[in-house]
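# Coordinates in review
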Amino acid sequence: MTQILLETDALTVRFGGHVAVDAVTCKFPAGELTAIVGPNGAGKTTYFNLISGQIAATAGTVTLKGQDITRLGVAERCRRGLGRAFQLTNLFPDLSVLENLRLVIQSRKHKGFGLFSMADSHTELTAEASGILERVRLDTQKDQLVTELSHGDQRKLEVAMLIGLDPLVYMFDEPTAGMSVDEAPVILDLIAEIKADTSKTVLLVEHKLDVIRTLADRIIVLHNGALAADGPPAEVMASAVVQEAYMGKELDHV
Amino acid sequence: MIVRLISGDTPRSPILTALLLLILICLAGAPFLFEGVRALDTAARICIFILLVAGYDLLLGYTGIVSFAHTMFFGMGAYGVALASTHMGRGFDALLVGTVLGALAAIVLALLIGLFSLRVRAIFFAMITLAVASAVAVLVSQFSDITGGEDGLTYKIPRVLTSANRMGEVMGVKFTGKILNYYLIFFSSLALFLLLLRIVNSPFGRVLQAIRENDFRAEAIGYRVVWYRTAATCLSAATAALAGSLFAIWLRYVGPDTTLSFEIMLDILLMVVIGGMGTMYGAVLGAVLFVLAQTYLQNLMGAASHATEGLPLISELVDPDRWLMWLGILFILSVYFFPTGIVGRLRRQGTT
């Protein structure tokens, strides 16, 4: 049996009286890409925030490689192999593209507290960062500031940052949102490449059905914060809940 | 070689390079280039304030943390030297012990303040530093048995570093211990400034900039932001304390007004902002301009007031007592016209 990398058990968060994520229990084995779907406000991004630690859970646990990480901070979870790319671009605006990516690799290699060496002298970081920038086709813009990049290029950098972390669990939050038709395939190919590595698991929040169809091994559906469906794509896509989520029918009536 | 010494952080503007070189030459040759005790005193103050302001820039400009406790750390270094020299008697051992203990105390206090308040929010840190700095200033003036209270402490430093030590003539100038003392301060400040320049260009410095830009994301890619902010606070406190020790060695006197006062804190803020935040070189220009203005603006205005004696309003306006008003106007104008400071302005000119 394949190893379970990530697991949430009855994971819940309440904001006042509103239950944003409601007792979601789910296992994510290595070598699988799970698409998380659901209508706007269903709690997909909140579920991500609970897993990566930006929001503290009200109840339930998050387990990474068998270890309970529910009480750990964001940085600590990242260090243990939980990598996250953000839905809204969330970069270091006044630093260059290369510098953004180098910061990620530097973090992974625990070199952040190097006080007396010159940052530029760490050529191995620069080399690795340049390699990743080539893969996402940003190498020609590497010396530009992030603020000078187009939206699509910022999205590419967002994905590059996640690849730079080399995590066990990749969490993509609508990676191709707002990208042009000719840019998106670059990112989707990269995700397919990551998926092919059987020691990793990929979580993908996505709205585009064609993307889900080509990439997903499994789909989970969130509805009003609760897990509404979980299974192979063909099965879930045909189910009533997904019809509801995408067609707007009321679930209660089905 | 030189590029390595300044950690690859070149001024990136011909005018800025020229200005920095001019400042370096003037400070390095101050005892020989300028006459008089006052000029040397001004040069020493400039060296010390460059260091003090550069340390503050590490916090404000690079990490994006506002602290009001920088003069407190400055004072800790100064009082360290003063207390050690008072209790151990004059000697280099007293200077060394005072400097080391002052810096250690500053680091420990910065660590405590940082860990308690930087967890929450950066603005909370600003308030805590303000409170702690005020409390320390009150304590120093209350415990007059130890600190000399408002009168401060006067003490002796090794004879070698005073004007009583005559070492003959160099280039037509009497080379005294005072000049030796000046060079102690000059080279210490220079070395520490270059060290700071290295730190802001190190992997650690990059993390600080990342935190300034987007602390949320810095945390998300695995940096424990609290620890980095606290470390920056400790480093900044240590440099302030060292600057304070140098100041104490130079003045042979410490008191609340010369080291702990809130006015100096404001001066430091102005120097960073006028020079240009997050550039290190801004600290140099800011400190030079400000200390020169503080020392000579009054003289200049006195002369102007004298020359315009016949004119009613103008001679009033340029009266030496109004120097703070003019400094204020200069500050407003510089913030208005150079929001990124002098260095930011010069660099932008260099690229366009």
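These numbers come from a predicted model, not from an experiment. Sequence order as written defines the numbering, with residues in each chain counted from 1. Here chains are named by letter from A upward and ligands by number from 1 upward, in the order in which they appear as written. Whole-chain, interface and lining totals are the exception, using all residues; otherwise, since this is a predicted model, local features are given only for residues with pLDDT of at least 70 and side-chain atom pairs are given and counted only at 80 or more.

This brings us to the overall build of chain B. Strands are runs of DSSP state E lasting at least 2 residues, helices are runs of H or I lasting at least 4, and numbering of each runs from the N terminus. Looking only at helices and strands, chain B has 18 helices and 4 strands in total. Note that the radius of gyration is over C-alpha atoms, with the globule rule given as 2.2 Å times the number of residues to the power 0.38. Taking 20 Å as the expected radius of gyration for a compact globule of 352 residues, we find that chain B reaches 21 Å, a close match to that expectation. Counting only C-alpha atoms, chain B reaches 60 × 55 × 50 Å along its principal axes. The burial criterion counts other C-beta atoms lying within 10 Å of a residue's C-beta, which is placed from the backbone; the residue is buried at 20 or more, exposed at 12 or fewer, and partly exposed between these limits. Across the 352 residues that make up chain B, the buried fraction comes to 46%. By the convention adopted here, residues make contact when the C-beta atoms placed from their backbones lie within 7 Å. Within chain B, contacts between residues at least 6 apart in sequence are counted, and of these 71% link residues at least 24 apart.

Glancing now at the interface of chain A and chain B. The interface of chain A with chain B comprises 31 residues on the first partner and 23 residues on the second. Of all the elements in the fold, those that place two or more residues in the side of chain A that touches chain B are helix 2 (74-79), helix 3 (97-108) and helix 5 (151-165) of chain A. Sort the elements by how many residues they give to the side of chain A that touches chain B and helix 3 of chain A lands first, with 6 residues. When residues are sorted by character, Ala, Val, Leu, Ile, Met, Phe, Trp, Tyr, Cys and Pro go into the nonpolar class, Asp, Glu, Lys and Arg into the charged class, and all the rest, Gly among them, into the polar class. Class assignment of the residues belonging to the side of chain A that touches chain B gives a composition of 16 nonpolar, 8 polar and 7 charged.

All right, on to the sheet that holds strand 7 (residues 169-173) of chain A then. Residue and element names in this part refer to chain A. Should DSSP find at least two bridges between two strands, the strands are taken to pair. Across the sheet, which stays open at both edges, the 6 strands sit in the order 6-7-8-3-9-10 with mixed pairing between neighbours. Each edge of the sheet is formed by a strand with only one pairing partner; in this case those strands are strand 6 (82-84) and strand 10 (226-231). Between one strand axis and the next, the sheet turns by 20 degrees as a mean value, whatever way the strands run. The pairing of strand 7 with strand 8 (residues 201-205) spans 5 bridges and is classified as parallel. Pairing of aspartate 173 across the sheet is with valine 205, part of strand 8. Convention adopted: a line fitted to C-alpha atoms gives each axis, helices being fitted over their contacting stretch, and angles between N-to-C directions are expressed from 0 to 180 degrees. Across the sheet, helix 6 (residues 184-196) is in contact with strand 3 (32-37), strand 7 and strand 8; its angle to strand 8 comes to roughly 145 degrees.

Here we come to the sheet that holds strand 5 (residues 67-68) of chain A. Residues and elements named next belong to chain A. Strand order in the open sheet formed by 4 strands is 2-1-4-5, with antiparallel pairing between adjacent strands. Every interior strand has two partners, whereas the edge strands, strand 2 (18-29) and strand 5, have only one. Bridge count between strand 4 (residues 59-64) and strand 5: 2 bridges; the pairing is antiparallel. Looking at strand 5, one finds that leucine 64 is bridged to glutamine 67. Contacting strand 1 (4-15), strand 2 and strand 4, helix 1 (residues 44-52) runs over the sheet at an angle of about 65 degrees to strand 2.

All names here are of chain B. Residue position: phenylalanine 186 is located in helix 9 (residues 177-200). A count of 22 C-beta atoms within 10 Å places phenylalanine 186 in the buried class. Not counting residues within four places of it along the chain, the set of residues in contact with phenylalanine 186 comprises Leu27, Ala28 and Cys47.

Let us look at the nonpolar core. Residues and elements named next belong to chain B. Under the definition applied here, buried Ala, Val, Leu, Ile, Met, Phe, Trp, Tyr and Cys residues are grouped into a nonpolar core through C-beta atoms within 7 Å. Counting residues in each nonpolar core, the largest one holds 176 residues, and the members touching the most others are Ile50, Val53 and Ala287. Examining the composition of this core, we find that 17 residues originate from one element, helix 12 (residues 225-251), more than from any other. When sequence neighbours within four positions are dropped, the list of residues in contact with valine 53 reads Ile268, Met271, Val272, Ala283, Gly286 and Ala287.

What follows deals with the packing of helix 6 (residues 92-117) of chain B against helix 12 of chain B. Residues and elements named next belong to chain B. Interhelical geometry of helix 6 versus helix 12 gives an angle of 150 degrees and a closest axis separation of 8 Å. With respect to each other, helix 6 and helix 12 are oriented roughly antiparallel. At the point where helix 6 passes helix 12, the crossing takes the right-handed sense. Residues Leu95, Gly98, Thr99, Gly102, Ala103, Ala106, Ile107, Ala110, Leu111, Gly114 and Leu115 of helix 6 form the contact with helix 12, whose own contacting residues are Arg229, Thr230, Thr233, Cys234, Ala237, Ala238, Ala240, Ala241, Leu242, Gly244, Ser245 and Ile249. Looking at the contact of helix 6 with helix 12 residue by residue, the class counts come to 14 nonpolar, 8 polar and 1 charged. Angular relationships are summarised with four words: roughly parallel below 35 degrees, roughly antiparallel beyond 145, roughly perpendicular across 65 to 115, and oblique for the angles in between. If you view the pair so one helix is near and one far, a crossing is left-handed when the near helix is turned anticlockwise from the far one by less than a right angle, and right-handed when it is turned clockwise.

The α-helix advances 3.6 residues per turn, and as a result positions three or four apart in sequence lie on the same side. All names here are of chain B. A helix is expected to span 1.5 Å multiplied by its residue count minus one. With 27 residues, helix 15 (residues 281-307) should cover 39 Å at 1.5 Å per step; its first-to-last C-alpha distance of 37 Å lies within 8% of that length. One axis is fitted to the seven residues ending at the residue and one to the seven starting there. The bend at that residue is the angle between these axes. The largest bend in helix 15 comes to about 45 degrees, at tyrosine 296. Among the residues making up helix 15, those that are buried are Tyr281, Gly282, Ala283, Val284, Leu285, Gly286, Ala287, Val288, Phe290 and Val291.

Residues and elements named next belong to chain A. Of all 5 residues that make up strand 7, 5 are buried, and the element is covered over most of its length. Going residue by residue along strand 7, you find Val169, Met171 and Asp173 tucked away on one face and Tyr170 and Phe172 tucked away on the opposite face as well. Where strand 6 meets strand 7, 3 bridges bridge the pair, whose relative direction is parallel. Following the sheet pairing, glycine 83 is matched in strand 7 by tyrosine 170. For the handedness criterion, the β-α-β arrangement of strand 7, helix 6 and strand 8 is classed as right-handed. With the strands aimed away from the viewer, a crossover counts as right-handed if its path from the first strand over the helix to the second runs clockwise.

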